[in-house]
Amino acid sequence: MSTTIAVILFVAVTAYAVFGGADFGAGFWDLLAGGAERGNAPREVIDRSIGPVWEANHVWLIFIFVVLWTGFPEAYASITLTLFVPLSIAAFGIVLRGASFAFRKTVYRTGVRRDFGAVFAISSVIVPYCMGAVAGAIASGQVPAGGKAGDPWSSWVNPTSVLGGVLAVVAVAYLAAVYLVWDARRLGDPGMERYFRLRAIGAAVVAGVTALVGIFVLDADASYVFDGLTSRALPLVVASALCGTASLVLLLRDAHIGARILAMGAVASVVVGWGVAQWDYMLPTSLTVADAAAPTGTLQAILAATILFVLVVVPGFAILYTLDQKSLLPDEGVD
Amino acid sequence: MAVTFAVGAVTGTVLTFEFGLLWPRFMGHWGEAFGVPFAFEGIFFFTEAIFISIYIYGWRRLRPWAHFWTGVPLPVVGVLGAASVVAANAWMNSPQGVTLNSAGEVVDVDPLRVIFNDAMPLMAAHMIIAAYVVGGFLVASIYAFAMLRGRRDHYHRIGFIIAFSVGAVAIPIQMGVGDSLARWVYNNQPEKFAAIELVPETESDVPETLLGHLNSDGTVSGGIPIPGLASWLSDPSTGKDTVVQGLDTVPESDRPTIREVNVVHLCWDIMVGFGTLLFLLALWYWACWVFRRDMPKSRWFLRIASLAGIVAIITMEAGWVVSEVGRQPWIVYNKMKVEDAATANTGVWITFILVILLYLGLAVTTVLVLRNMSRRYRLQDGSGDDDVPYGPSGPNQAAREPVGDGVTV
C-alpha cells in the first residue's frame, strides 16, 4: 500500500516537472531575451504561449504536498524543518512570479512592464533552482529522519543540491524552448521559430554536459542514488538521453509535436529515474517508504482521493487545456 | 479577472508550504489524520479552480448554455470544499478516529471518523451558511451603495434583491445552527464555553454578561448582566438551574489565559450582536415584502444595507476568533499544545515580516492594476458592470447608462 502511494506521489512530481516546468522555463528565456527593444519579439511569443491561467499548474504542487504530509507526515516534517530556507525562497518566488507575470500583461508603460518582467523572469529561475536543490538535498541524504531538522544551510548548499538546482533550471529551459518553437510556428513567426530552436539545442547540450558532470558529483556525494542510477534506474537514464537526442533531431526536421512529446519524455524519465534510484528510501538512507508511511486507513483515504482526482480533476484539466489550445479562453489586458 | 485569478492561485499555493514551514511538528505528528480531509478538499478546490477559469475566460467565446453548464459544478464543489476544510478544523476541536500507542504516536486511523468527527456537522453547517450570509450581504451592499447614488434601474434592483434575499434567508437559519453549536461547545469544550460566557467559577443561574471583562483575580467587572440567561440558554429544560462549568475546573496551564478569555468573550458579543442586527435588517426587508409587496426603498434602509456586507464579514471573523482563541492553549484539543506544534526556527520572524510586506505590496499593486484596467475599459467602450453577454432581460434593459462614477473597482 505504501508503495502505491509513493508511486502516486512520484507521478505527481513528474507531472509538475513536465507541465509546470515549461512555465518556469519560459521565464528563463524571458530573462535572457535582452533589452526592451531587442527582447520584444521573443517576449511576445512567451506572453502568448503561457497565460496567467497556467498558474493552475500549481495544483500538482499542492497535490504533492497534501499527499506527502498525509501519507508520509514524518518525512514532510523533516523536509520542511531542514529545508526551511530554500522552500521559503521558492514560496516567495512562486507568488512574485505569478503575480508579476499577470501584472505585466495589463500595464502599458515600458518602464513598469520592464520591472514586472524582471521580477517574473528572475523568480522563474530561482524557483526551479530551489526545487532542484531540495531534490538534491533529499537525494544526498541531508534530511534526517524522525521529524528532526538537519543543517539549515549545508543541507542545500552542497554539490548534489547545486547539481539538482542547475539541472532543474536547464531542464525547464530546454522544455520551454521546445514548446516555444511550436508556439512561434502557430503564430506564424519563422524568425522566432529559428530563435527558439537554436536555444532548445543549446539548452539540450548544456543539460547533457550537466548530466555528465553530475555523474561524478553523485558518485562522490550521494552514493546510494548513484548506485541506483547506474543499476536499476539505468534504463531510465538511457531513455532520457535517447529521448533528448531524438527530440532535437525531430526539431531540426520540423516535426514539432513529436519533439514536444520526446522532450517531455526526456525530463520525465530523469525525474522517475531519481525516484527509482533512491527506492526504497523516502529519505536516503535513513527512512524507508514503508517506515515513513501513515497507517493503512490514511493510505486508503489517499488512494480514494487520488481516484477521485483522476476521475474529476484530470478531465477538467483536459477541457481547460483543449479550450485554451482552441483559443476559446482569451486573456484580458494588452493585446 | 486574469489578475485576480493569478494572484489567488499563487497565494493559495503558498499555503501548502506554510503548513510545513510554520507547523512542522503538528504536521509530522498528526498529518496522517489532519491531512485526510485536506486530500478531499484538494480535489474540490482543483475542480473549482478549473471550472471557474473556464467560466471566466470562456465568458465571451462559449455559447450561452455551454457557458452556463460550466458554472453549474461551482456551487457544488464550493460547498463540498468548505465542508472538507471545516472538517479538518473541526477535527482539531474533536480529534477522533485515531488510535495512539503508549508513546502518543498515531498507529491507526479511521478516515471516515476523522472527517465526520463529532464537531464537524454543526461547524460545517455554521460555516457554509455563514458563507451565504457574507456572500449575500456583501454583493447586496455593493448594489445598495450604487442605488444610493441614484442608479435605481432594473439591473441594480434585481442584483440587490437576489443577493439580499440569499443573506436574509440564511441569517435566521444561521442563528438556529449557531445556537445548537454553542450547546455542543457547552457539552464538549466546557472551558471554551466558560470563556465565551465569562464564567470564572462553576455555578448555576449564570448571567449572560454583555461586554465586560474578566480581571486577573477572577472577578468580572463592567458589562450588563442579564440574570440567569446563560444558564437558561445552555439547557432550556432545566432553565436557570443549569450548572455552567467554570474556568477554574481546568488547570491554568490547560485553559485560555485571562487575556484570551477576554478576547473570546468580546468576539462572542460582536458575533452575536452583529448577527442579531443583520437578522433585524432581514426582518425589515421581509416585512416590507409582506406588507408592501416590494423591497424597502428608503435611503435609511439602503444606507444600512450598504454596510451589511462589511458587518457580515466582521461577524464571521469574530466567530472564528471565538473558535480558535477559545481552544487555546491546544492546537489539537487535549492532545497537543500550540507551543509544541510550531516551528522552532529562528528565521520564522524574518520570513513572517517579509510575508506581511510581500502580501501588502501585492494587495496594493493588485488594486492599482485593477483600477487602471477599469479606467481604461471605460475609456474604450463606456461599458461597465452591466456589460454581460446574456442575462436577465427586463423593462430597463435598453436604458443602459454609460458608467461614469460607478463603484466597481
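Keep in mind that this is a model prediction, so the values were computed, not measured. (Residues numbered from 1 in each chain as written. Chains lettered and ligands numbered in written order. Predicted model: local features only at pLDDT ≥ 70, side-chain atom pairs only at ≥ 80, totals over all residues. Heavy atoms only, no water.)

## Overview of the overall build of chain B
Line of reasoning, step 1. Within chain B, the secondary structure is distributed over 13 helices and eight strands.
Line of reasoning, step 2. On C-alpha atoms alone, chain B measures out to a radius of gyration of 24 Å, which is about the 22 Å that the 2.2 N^0.38 rule sets for 409 residues.
Line of reasoning, step 3. With respect to the principal axes defined by its C-alpha atoms, chain B has extents near 70 × 50 × 40 Å.
Line of reasoning, step 4. Residue burial in chain B is summarised as follows: out of 409 residues, 48% are buried.
Line of reasoning, step 5. Total accessible area on chain B stands at roughly 19,500 Å², and carbon and sulfur atoms take up 67% of it.
Line of reasoning, step 6. Averaging the coordinates of the 27 positive side-chain charges in chain B and doing the same for the 35 negative ones gives two points 16 Å apart. (Helix = DSSP H or I, 4+ residues; strand = E, 2+ residues; numbered from the N terminus. Rg over C-alpha atoms; globule rule 2.2 N^0.38 Å. Buried < 20%, exposed > 50% of the residue type's maximum accessible area, 1.4 Å probe, protein only. Areas by Shrake-Rupley, 256 points an atom, 1.4 Å probe, with all protein chains shown as cover. Lys, Arg positive; Asp, Glu negative; His and termini not counted. Charge placed at Lys NZ, Arg CZ, Asp CG, Glu CD.)

## Topic: the side chain of T209(B)
Line of reasoning, step 1. One can find T209(B) in strand β3 (residues 208-210).
Line of reasoning, step 2. Not counting residues within four places of it along the chain, the set of residues in contact with T209(B) comprises G222(B), G223(B), I224(B), P225(B), H265(B) and D269(B). (Contact = heavy atoms within 4.5 Å.)

## Thoughts on the interface of chain A and chain B
Line of reasoning, step 1. Contact residues are listed per partner, giving 61 residues for chain A and 60 residues for chain B.
Line of reasoning, step 2. Between chain A and chain B, a total of about 5,300 Å² is buried, with carbon and sulfur atoms accounting for 80% of that surface.
Line of reasoning, step 3. For the pair chain A and chain B, the number of links is zero salt bridges.
Line of reasoning, step 4. Linking chain A to chain B there are three residue pairs in polar contact (both at pLDDT 80 or more).
Line of reasoning, step 5. Those elements that place two or more of their residues in the side of chain A that touches chain B are α3 (58-71), α4 (73-82), α5 (84-106), α6 (110-139) and α13 (296-325) of chain A. (Buried area = accessible area lost by both parts, 1.4 Å probe. Salt bridge = Lys/Arg side-chain N within 4 Å of Asp/Glu carboxyl O. Polar contact = N/O pair within 3.5 Å; in protein donor to acceptor, adjacent residues only side chain to side chain.)

## What to know about the side chain of R197(A)
Residues and elements named next belong to chain A.
Line of reasoning, step 1. Note that R197 resides in helix α8 (residues 190-221).
Line of reasoning, step 2. Among the polar contacts made by the side chain of R197, one reaches the main-chain carbonyl oxygen of L251 at a distance of 3.4 Å.
Line of reasoning, step 3. Not counting residues within four places of it along the chain, the set of residues in contact with R197 comprises V181, L251, L252, D254 and H256.

## Looking at a nonpolar patch on the surface
Residue and element names in this part refer to chain B.
Line of reasoning, step 1. Taken together, the side chains of W349, I350, F352, I353, L354, I356, L357 and L360 define a hydrophobic patch exposed on the protein surface, amounting to about 860 Å² of accessible area.
Line of reasoning, step 2. Looking at the element boundaries, F352 is found in helix α13 (residues 348-381).
Line of reasoning, step 3. Look at F352 and you get partly exposed, because its relative accessible area is 46%. (Patch = residues over 30% accessible without salt bridge, like charges linked within 9 Å, V, L, I, M, F, W, Y side chains within 5 Å.)

## Brief notes about the environment of R152(B)
Residues and elements named next belong to chain B.
Line of reasoning, step 1. For R152, the position within the fold is in the loop between α6 (120-148) and α7 (154-188).
Line of reasoning, step 2. Spatially, the C-alpha atoms of R152 and V106 are 60 Å apart, while their sequence positions differ by 46 residues.
Line of reasoning, step 3. In contact with R152, not counting residues within four places along its chain, are M147, K297, R299 and L302.
Line of reasoning, step 4. Of note is the side chain of R152, whose polar atom sits 3.2 Å from the backbone oxygen of K297.

## A few points about the packing of aromatic side chains
Line of reasoning, step 1. One pass over the full model with this rule turns up 38 aromatic pairs over all chains.
Line of reasoning, step 2. Ring plane angle 35° and centroid distance 4.6 Å describe the contact between F101(A) and F120(A), whose orientation is recorded as tilted. Linking F101(A) in helix α5 with F120(A) in helix α6, this pair joins segments that are 19 residues apart in sequence.
Line of reasoning, step 3. Overall, F101(A) belongs to the buried group, its relative accessible area being 2%.
Line of reasoning, step 4. Its relative accessible area of 0% is what places F120(A) among the buried residues.
Line of reasoning, step 5. For the ring pair F45(B) and F46(B), a centre distance of 6.0 Å and an interplane angle of 50° mean the geometry is tilted.
Line of reasoning, step 6. By relative accessible area, which is 2% here, F46(B) ends up buried. (Phe/Tyr/Trp six-rings, centres within 6.5 Å; stacked < 30°, edge-to-face > 60°.)

## Overview of a negative patch on the surface
Line of reasoning, step 1. A contiguous patch of negative charge on the surface is contributed by E201(B), E203(B), D205(B), D241(B) and D248(B).
Line of reasoning, step 2. Here D241(B) is to be found in the loop between α9 (229-234) and α10 (258-292).

## Some points on the packing of α8(A) against helix α10 (residues 234-252) of chain A
All names here are of chain A.
Line of reasoning, step 1. Between α8 and α10, the shortest axis-to-axis distance is 11 Å and the interhelical angle comes to 165°. Considering their axes alone, α8 and α10 lie roughly antiparallel with respect to each other. Our pair here, α8 against α10, has a crossing hand that is left-handed. Across the interface between the two elements, R197, A200, I201 and A204 from α8 touch L248, L251 and L252 from α10.
Line of reasoning, step 2. Each residue belonging to the contact of α8 with α10 can be placed in one class, and the counts come to six nonpolar, no polar and one charged. (Axes fitted to C-alpha atoms, helices over the stretch in contact; angles between N-to-C directions. Parallel < 35°, antiparallel > 145°, perpendicular 65-115°, else oblique. Left-handed = near helix turned anticlockwise from the far one by under 90°. Nonpolar A, V, L, I, M, F, W, Y, C, P; charged D, E, K, R; others polar.)

## A few points about helix α1 (residues 2-31) of chain A
All names here are of chain A.
Line of reasoning, step 1. With 30 residues, α1 extends 41 Å from end C-alpha to end C-alpha; this agrees with the ideal 44 Å at 1.5 Å per step.
Line of reasoning, step 2. Along its length, α1 shows its largest kink, about 40°, at G21.
Line of reasoning, step 3. Burial runs high along α1: 21 of the 30 residues are buried. (Expected span 1.5 Å × (residues − 1). Bend = angle between axes of the 7 residues up to and from the residue.)

## Some points on the pattern of salt bridges
Residue and element names in this part refer to chain A.
Line of reasoning, step 1. Under the criterion given, the structure shown has 13 salt bridges over all chains.
Line of reasoning, step 2. Close ionic contact of R113 with D47 constitutes a salt bridge, the shortest N to O distance being 3.9 Å. Within this pair, whereas R113 is found in helix α6, its partner D47 is found in helix α2 (residues 40-49), the two being separated by 66 residues in sequence.
Line of reasoning, step 3. The exposure class of D47 is buried, given its relative accessible area of 12%.
Line of reasoning, step 4. The structure contains a network of salt bridges with shared partners spanning D30, R43, D47, R104 and R113.

## Things to note about the confidence of the model for chain B
Residues and elements named next belong to chain B.
Line of reasoning, step 1. Mean pLDDT over chain B works out to 83, with 92% of the residues at or above the 70 mark.
Line of reasoning, step 2. Within chain B, α6 carries the highest mean pLDDT (93), whereas helix α1 (residues 2-22) carries the lowest (78).
Line of reasoning, step 3. Counting contacts from residues 382-387, a segment whose pLDDT is below 50, to residues more than four positions away or on other chains yields 13 contacts.
Line of reasoning, step 4. A low-confidence stretch, residues 391-409 stays under pLDDT 50, and its non-local contacts, those more than four residues away or across chains, total 30 contacts.
Line of reasoning, step 5. Scoring of the predicted complex yields 0.83 for pTM and 0.78 for ipTM. (pLDDT = per-residue confidence, 0-100.)

## As for the environment of R25(B)
Line of reasoning, step 1. Within the secondary structure, R25(B) is located in helix α2 (residues 24-57).
Line of reasoning, step 2. Residue R25(B) is classed as partly exposed on the basis of its relative accessible area, which comes to 35%.
Line of reasoning, step 3. For R25(B) and P200(B), which are 175 residues apart along the polypeptide, the C-alpha to C-alpha distance reads 33 Å.
Line of reasoning, step 4. If we skip the residues at most four places from it in the chain, R25(B) touches L81(A), G147(A), M336(B), D340(B), A341(B), A342(B) and A344(B).

## Overview of the pairing of strand β2 (residues 106-109) of chain B
Residue and element names in this part refer to chain B.
Line of reasoning, step 1. Taken together, the three bridges between strand β1 (residues 98-100) and β2 define a ladder with antiparallel strand orientation. In the sheet register, T99 faces β2, and the bridge partner there is D108.
Line of reasoning, step 2. Counting the residues that bridge the hairpin from β1 to β2 gives five residues, and of these G104 lies at a positive phi of roughly 85°. (Pairing = 2+ DSSP bridges.)

## Thoughts on the nonpolar core
In globular proteins that are soluble, nonpolar side chains generally tend to be buried together.
Line of reasoning, step 1. Judged by nonpolar contacts, the single largest core of 165 residues is most densely connected at F72(A), F17(B), F26(B), F34(B), W91(B), F160(B) and F164(B).
Line of reasoning, step 2. Considering every element that reaches this core, the biggest residue donor is α6(B), with 15 residues.
Line of reasoning, step 3. With residues near it in sequence (within four places) discarded, F72(A) still touches S2(A), I5(A), A6(A), L9(A), V67(A), M282(A), V289(A), A292(A) and A293(A).
Line of reasoning, step 4. Core analysis: the second largest hydrophobic core is formed by 37 residues, F28(A), Y174(A), V178(A) and A263(A) among them. (Core = buried A, V, L, I, M, F, W, Y, C linked by side-chain atoms within 4.5 Å.)

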